[in-house]
Structures are given as C-alpha cells and as structure tokens.
Amino acid sequence: MSLQPSMPKSWRVDTKPHKFCPGCGHGLVLKALGQAIDELGIQDRVVFGCDIGCSLLAWDFFNVDALQTHHGRTHPVMTGIKRANPDLICIGYMGDGGGYAIGSQHLVNAAARNERITAILVNNAQYGMTGGQMAPTTLPGMKTETTPYGRDVDLTGYPCQGPEMVAAITREGAYVARATVLKPVLLKNYIKKAIKNQMDGNGYSFVECLSTCPTNWRTNNVETISFIENDMAKYYHVGEIKVPDTKEPLMVKTSTKSSTGGIE
Ligand code: SF4
C-alpha cells in the first residue's frame, strides 16, 4: 500500500495487523520518533536498531533502514555502524530490560565513551514480552509475576534511575532526558533534540520514555493512566537532565526513598 502524500514519510501508518496490545505506549513513542525523523529530514540517513522484547515490533513501523540486534546488544551494534560510517544517524530502541539489565554494560560504556549515537529506552516498569516479570525499573512494592508480594527493596534493591546515571557518567556534549507518553509533544521534542545532538556531533544522546503496559499491569484505561501519572512519574522525574552546553547534570536524583506503593 502506498502512502498518501500527506502522510509522514519515515513511519508507516499502514502496518497491519497492529502488533502492540491495546493501550500500549510503544506506538506513541514510535510516532514521536517518526515525527522527529521527518522534521529533521533525515529519513535516508537513519539506521534504526531494535532490541529484543516488545521493542522489536517497532521495525514494522518505519520506512528507514532497520535491523534487529541481540537482546541488550543494541548499543554496540549502533556504535559499530556509526564508527564505520559517521554520516549515518544511528538510533537504538530498547526496553528497560534490554537497556538496564542484560544490556546495562553496553549502555554504561557507550555513554562513558560519549559515542555519537542516540538511544531511546522505553520504561514500563517490568518485562513486557515475557509476561510481566520484575525489571530494574519495577517500583518498590509493585507486584509483578516474580514479585507477587511486591518488590522488596531489601532483597532486590531500588529501581534503576537510568537517565540520572547516564547524566552522571557522560562528558559535556551529551543530551539526557526523561519523557512520558502522556505528554507526546514534549516526548517528540526530546527525541528530536537527542537526534539533533548526534547530527551536531556533540556526543551520546539518551531519552528514557515512561510508557504504559496495561496487559501486564492488568489495568483498565483509567488505572493505566493513573499508574504512569501518579506512581511512575513520582519516582521517575520527567524533564531534561543534561544538555550539551553544560558540563554538569541539570538534575541528578540521589535519593533512594520513594513513596510509591506500586500497583496492586
Ligand atoms: S506486553 Fe506490554 S509493552 Fe508489550 S505490547 Fe503488550 S502492552 Fe505493550
């Protein structure tokens, strides 16, 4: 099916069947990414790397060069492509499991080396595709398949504050932000800034996106929005955390205290 002239070029609205669950936030993040690519006019230069997990379904939605990486290995794959051909715009897309658990070593080292790539990480507080197990981002007290009585921080530690960690270990030139699917314009602007930062040759760019997973959260529409708005956003602060022209992070959360009790 050909796209109508008015349709965005880089992302496909004709993908059928839609593979994400109803109410999933991935579609909003991907739409924002497509808008950012179009507005920057870089469709022909983009290489899009998808991690394993629900994030892998993303490649169905783009008319750009895309490839699938092994679980957690999106950062080194994007790094290799970028180093081999610096003119390409390398964008990695991953979930919180792929980025903060199995791929954490790659994320940390790519950030510390200030690789000129852009990473977009979807944080929905658990492992989505495998059925809702605890992830590094699971909130204290939050019930998952592997924490049926709620995440116990004495046993499993506190949730990973990914952007704050990245802001702390990157040099000047990095761009770091946390967005939410509840604010799609802000989400698109942060992603666009992150890509532009790569185009300008400044350094590593990282945007974490708070996102919904009603299937594994077992929430209805109202509960889904409430959880991301009232539980996740309290623990994970939305905003820009590091911009290229500052040497120090704009805000780094060091407190390990959280008032959230998670989702019942
Ligand atoms: S399992 Fe969760 S993250 Fe995966 S597609 Fe369904 S709603 Fe989205």
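Now for a description of the structure that goes with this document. This is a predicted model, so every value here is computed, not measured.

Conventions used here
Residues numbered from 1 in each chain as written. Predicted model: local features only at pLDDT ≥ 70, side-chain atom pairs only at ≥ 80, totals over all residues. Heavy atoms only, no water. Near = heavy atom within 4 Å. Helix = DSSP H or I, 4+ residues; strand = E, 2+ residues; numbered from the N terminus. Nonpolar A, V, L, I, M, F, W, Y, C, P; charged D, E, K, R; others polar. Buried < 20%, exposed > 50% of the residue type's maximum accessible area, 1.4 Å probe, protein only. Contact = heavy atoms within 4.5 Å. Phe/Tyr/Trp six-rings, centres within 6.5 Å; stacked < 30°, edge-to-face > 60°. Salt bridge = Lys/Arg side-chain N within 4 Å of Asp/Glu carboxyl O.

Quick look at the site of the ligand now. Every residue close to the ligand is listed here: Phe20, Cys21, Cys24, His26, Cys54, Asn124, Gly128, Cys213, Pro214, Thr215 and Asn216. For the shell around the ligand, the element with the most residues is helix 8 (residues 214-217), which contributes three residues. The residue makeup of the shell around the ligand, split by class, is six nonpolar, five polar and no charged.

In this model, Asn114 sits at a positive phi of 60°, which is unusual for a non-glycine residue. Classification of Asn114 as buried rests on a relative accessible area of 2%. Backbone geometry at Ala125 places phi at a positive 70°, although glycine is not the residue there. Judged by relative accessible area, Ala125 falls into the buried class, the value being 0%.

Let's shift gears to the environment of Gly72. Considering the arrangement of structural elements, one finds Gly72 in the loop between strand 2 (65-68) and helix 2 (74-84). On the basis of relative accessibility, which here comes to 2%, the residue Gly72 falls in the buried class. Spatially, the C-alpha atoms of Gly72 and Tyr100 are 8.4 Å apart, while their sequence positions differ by 28 residues. Those residues within four positions of Gly72 in sequence are excluded, and the remaining contacts are Asp51, Gly98, Ile102, Gly103 and His106.

Another point: the packing of aromatic side chains. With the rule as written, the count across this model stands at seven aromatic pairs. When the ring of Tyr204 is compared with that of Phe206, the centres are 6.2 Å apart and the planes differ by 20°; the resulting orientation is stacked. In terms of burial, Tyr204 and Phe206 fall into one category: buried. Ring-pair connections join several aromatic residues into one group, and the members of that group are Phe48, Phe62 and Tyr93.

With the rule as written, the count across this model stands at ten salt bridges. Its salt-bridge partner being Arg178, residue Glu208 comes within 2.7 Å of it at the nearest N-O pair. Pair noted here: Glu208 is in strand 6 (residues 205-210) and Arg178 is in strand 5 (residues 175-180), with a separation of 30 residues, a long-range link. Comparing Glu208 with Arg178 shows no difference in burial state: the two are buried.

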